[in-house]
Amino acid sequence: YKSKGAYIKKLNDLDKQFYEYLSNKRGIHLEVVRKFNLVSVFRQIFNTTRKSGDIWNVFEAVRELIKKLDNLEKSFTEQEIKAVLDTNRDFIHNIEILDNYANKERNRKIIENENKYREIETLSNDEYIIIVPKDMDDFTKEGKMQNNCVGYYYHDSIAGGENFVYFIRKKENPEKSYITCRYNIRVRETIESRTVNNNGVGDENAIYLIHTIDKMITEIMSRI
């Protein structure tokens, strides 16, 4: 810009556009922003963004933040969302903050749900060890060793109580993945059991153990 005045005028024009944006005059669905009473919070974040000088992609950043709020609407309260958003940070940083918070809460719920069925580990025997993941790193390691998607794909469904994941290892080599299993809470049985590279299980003893595990999980479900 040729002058400071032109730069300030540009800022003022953006400020006006932002007000219009939050008034839904730009055709953007902002129901979740109003539901969480976040208009004033967004306005403060916009002021912080202006001060940082990085405001030229502000509308896309707002759009992305709104999408994330839409996804989290059923999981978090207005108070939780307001406590997480930081009016001293710009929109880009608030997207990162919200992502980190959402993942932290989801991961906490995953381990909480996995712990409900940790009792199945008592079915380990002289041939196999049953492992219920105790932290998120256990999922990641299993996925890498087995070359499957358990390291990330089922996280939301486990947190939501749809699925329960456990691992079976050979007792002779307890550090090496053998079978990755997914029990479906609604169906009440293990609907997926895979060896490395998503191959099927041909080990009859392991298959029998999986049926025994199913019975115990279903029994535990009746108690919780």
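Residues numbered from 1 in each chain as written. Predicted model: local features only at pLDDT ≥ 70, side-chain atom pairs only at ≥ 80, totals over all residues. Heavy atoms only, no water.

Student: Any chance you could explain the packing of aromatic side chains here in plain terms?
Tutor: The geometry of an aromatic ring pair is captured by the separation of the ring centres together with the interplanar angle, meaning the angle of the planes. Inspection of the entire model under this criterion finds 6 aromatic pairs. Ring geometry for F42 versus F91: centroids 5.7 Å apart, planes at 65°, classification edge-to-face. With F42 in helix α3 (residues 39-52) and F91 in helix α6 (residues 91-115), this pair connects stretches of sequence that are 49 residues apart. The burial state of F42 is the same as that of F91; both residues are buried. Taking the centre distance of 5.1 Å and the plane angle of 90° together, the rings of Y153 and Y154 count as edge-to-face. Among the residues examined, Y153 registers a relative accessible area of 56% and is labelled exposed. Given the relative accessible area of 13%, Y154 is considered buried. Clustering of aromatic rings is evident, with ring pairs tying together Y117, F164 and Y166. One cation-aromatic arrangement involves K170 over Y178; the distance from NZ or CZ to the ring centre is 4.7 Å. (Phe/Tyr/Trp six-rings, centres within 6.5 Å; stacked < 30°, edge-to-face > 60°. Helix = DSSP H or I, 4+ residues; strand = E, 2+ residues; numbered from the N terminus. Buried < 20%, exposed > 50% of the residue type's maximum accessible area, 1.4 Å probe, protein only. Lys NZ or Arg CZ within 6 Å of the ring centre and 35° of its normal.)

Student: I tried to follow the nonpolar core on my own but got confused; where do I start?
Tutor: A general feature of soluble globular proteins is that nonpolar side chains tend to end up buried together. Membership of the largest hydrophobic core comes to 24 residues, with the highest contact counts inside it found for L38, F42, I81, F91 and L98. Sorting the residues of this core by element identifies α2 (31-35), α3, α4 (58-72), α5 (78-84) and α6 as the ones contributing at least two each. Examining the composition of this core, we find that 8 residues originate from one element, α4, more than from any other. Of all hydrophobic cores here, the second largest spans 22 residues; its members include Y117, I168, Y178 and I179. (Core = buried A, V, L, I, M, F, W, Y, C linked by side-chain atoms within 4.5 Å.)

Student: Would you mind going over the pairing of strand β3 (residues 179-184) with me for this structure?
Tutor: Looking along a regular strand, one sees side chains alternate from face to face of the sheet. Burial analysis of β3 places 6 of its 6 residues in the buried class, the great majority of the element. Burial along β3 is two-sided: the face carrying I179, C181 and Y183 and the face carrying T180, R182 and N184 are both buried. Pairing of β3 with strand β4 (residues 189-194), which is carried by 5 bridges, proceeds in the antiparallel orientation. Bridging from a neighbouring strand, R182 pairs with E192 of β4. (Pairing = 2+ DSSP bridges.)

Student: Where do I start with α6 in this structure?
Tutor: Quick reminder: α-helices carry 3.6 residues per turn. Residues three or four places apart thus point the same way. Over its 25 residues, α6 runs 36 Å from end to end, which matches the ideal 36 Å to within 8%, given 1.5 Å per residue. Buried residues of α6: F91, N94, I95, L98, A102, N107, I110, I111, N113 and E114, and no others. Where α6 begins, the capping side chain belongs to D90, and its oxygen is found 3.3 Å from the backbone nitrogen of I92. (Expected span 1.5 Å × (residues − 1). Polar contact = N/O pair within 3.5 Å; in protein donor to acceptor, adjacent residues only side chain to side chain.)

Shape is all these values report; function is a separate question.
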